[in-house]
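The chain contents come next:
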Amino acid sequence: MNPKIKAAIVGVEGYTPDFILSNSDLEKMVDTSNEWIVTRTGIQERRILKEPGVGCSYMGIHAAARLLEKTCIDPQSIDMVLVATVTPDYVHYPGTSNIISKAIGAVNAFAMDLQAGCSSFLFSMQTAAMYIESGQYKRVLLVGVDKMSSLVDYTDRETCILFGDGAGVVLLEANAEGNGIQDAYMRSDGEGVDYLHVPAGGSMLPASVETVTGKKHFMFQNGVPVYKFAVNKMVEAGAIILERNGLTVADIDWVVSHQANKRIIQATAERLQIPEEKLMFTIHKYGNTSNASMPLSLFEYESQLKKGDKILFVSFGGGFAWGGLYMKWAY
Ligand code: COA
């Protein structure tokens, strides 16, 4: 490890499908209302990938191709392609990272997927940082992508209002100026299995006629305990990151929270005493896009970020898996 080398984001892009599923559309599908959805979650609309026969890689490839064009990076110079997703194209193999690498021409990269619920993106940033700080690799393409509509039962009002599809991508490079990822705190607790999971399709309950007719391939969620756990754990992660890096809330320029529910983000920020103007919000227009939510937030706010800005990331997801990360923006 070279303590002088940090892993810094040098470019960010996003891709969201054109199709908009609004709250008024959902009012016609399930027993809900725009008013209920907005007051309980802050979500007004979400994007859904409607193109037939494509998986999440479709969005990841679009976002990655845009980023390569924007940064003028030769895909052959990428050392590693990391994909954070809970909705891979194929449940078992190959990894979605293989599919994206091939499509963008990253022929000299090794590729792998990382799955830690909606915290996969945060865990992947730290994973990329370890490879870069070790000196082994210089350039990592990290894609956060999810096609949550593939797991959602659109007759279940408790989940179908929350989720959307999208992709965000960042390019991480070695940085000798001290900018980039400074610290990360990551934790997991298998207690979360009962509250948030997809019952079938894995090795425990492989697909069968019964699993399909029993709707076992859709996500199951017990929302209220998930809400409480999410706030408590993101507060814990944020406080630890601030404390062990000698930071106060006043030092932080931006907070990038996983976009699960506007009230979760606000409750977390309130307990950490972070003012609302430092929070990035994309939930109102994209819903919970799982692992796309953090890079999409960076993409949406990119023009407002300045070199040296101090950014606190906090995430929470199925597992449970949660964490915090402190970054100094590099451009
Ligand atoms: N429209 C209308 N009513 C709905 C509804 C909908 N779309 N979804 C649920 N309800 C009903 C429930 O059936 C329940 O009714 P009951 O009281 O008669 O049993 C009631 O609303 C629950 O209301 P409330 O307790 O006020 O809900 P809430 O404020 O906890 O909000 C969630 C519900 C799901 C939005 C919230 O708990 C949440 O966001 N949880 C975390 C989910 C999450 O982020 N998951 C992903 C983590 S990465």
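What counts, and at which threshold
Residues numbered from 1 in each chain as written. Predicted model: local features only at pLDDT ≥ 70, side-chain atom pairs only at ≥ 80, totals over all residues. Heavy atoms only, no water. Phe/Tyr/Trp six-rings, centres within 6.5 Å; stacked < 30°, edge-to-face > 60°. Helix = DSSP H or I, 4+ residues; strand = E, 2+ residues; numbered from the N terminus. Buried < 20%, exposed > 50% of the residue type's maximum accessible area, 1.4 Å probe, protein only. Axes fitted to C-alpha atoms, helices over the stretch in contact; angles between N-to-C directions. Parallel < 35°, antiparallel > 145°, perpendicular 65-115°, else oblique. Left-handed = near helix turned anticlockwise from the far one by under 90°. Contact = heavy atoms within 4.5 Å. Nonpolar A, V, L, I, M, F, W, Y, C, P; charged D, E, K, R; others polar. Core = buried A, V, L, I, M, F, W, Y, C linked by side-chain atoms within 4.5 Å. Domains from an automatic or database assignment.

A. Main features of the packing of aromatic side chains. Enumeration according to the criterion identifies 11 aromatic pairs in this entry. Measuring from ring centre to ring centre gives 6.3 Å for Tyr15 and Tyr58, while their planes differ by 80 degrees; the resulting arrangement is edge-to-face. Of this pair, Tyr15 sits in strand β1 (residues 6-15) while Tyr58 sits in helix α3 (residues 56-71), placing them 43 residues apart in sequence. What makes Tyr15 buried here is its relative accessible area of 8%. Tyr58 sits in the partly exposed class, given a relative accessible area of 24%. Considering the side-chain rings of Phe229 and Trp322, the 6.0 Å spacing of their centres and the 75 degrees angle between planes classify their relative orientation as edge-to-face. On the criterion of sequence distance, the pair formed by Phe229 in helix α8 (residues 223-244) and Trp322 in strand β13 (residues 321-328) is long-range, its members being 93 residues apart.

B. Focus on the packing of α3 against helix α4 (residues 96-104). At a minimum axis distance of 9 Å, the contact between α3 and α4 shows a crossing angle of 40 degrees. Taken together, α3 and α4 sit at an angle that is classed as oblique. Here α3 runs over α4; the crossing is right-handed. Taking contact as the criterion, the partners of Cys56, Ser57, Gly60, Ile61, Ala64, Ala65 and Leu68 in α3 are, on α4, Thr96, Ile99, Ile100, Ala103 and Ile104. Along the lines of polarity and charge, the residues of the contact of α3 with α4 split into 9 nonpolar, 3 polar and no charged.

C. Region of the structure containing the packing of α8 against helix α9 (residues 262-272). It is the contact of α8 with α9, at a shortest axis distance of 9 Å, that shows an interaxial angle of 40 degrees. By the angle between their directions, the pair α8 and α9 is classed as oblique. Crossing handedness for the pair α8 and α9: right-handed. Taken together, the residues of α9 that come into contact with α8 (itself represented by Tyr227, Ala230, Val231, Asn232, Met234, Val235, Gly238 and Ala239) are Arg263, Ile264, Ala267, Thr268, Arg271 and Leu272. Grouping the constituent residues of the contact of α8 with α9 by class yields 9 nonpolar, 3 polar and 2 charged.

D. Just the nonpolar core, in detail. Counting 77 residues, the largest nonpolar core has Met125, Leu172, Leu298 and Phe313 as its most contacted members. Of the residues forming this core, the biggest block, 8 residues, is contributed by α8. Looking at which domains feed residues into this core, each of domain 1 (6-178) and domain 2 (182-328) gives three or more. With sequence-adjacent residues up to four places away left out, Met125 is seen in contact with Ile9, Leu142, Ile181, Phe313, Leu325 and Met327. Core analysis: the second largest hydrophobic core is formed by 22 residues, Tyr15, Ile78, Val81 and Ala106 among them.

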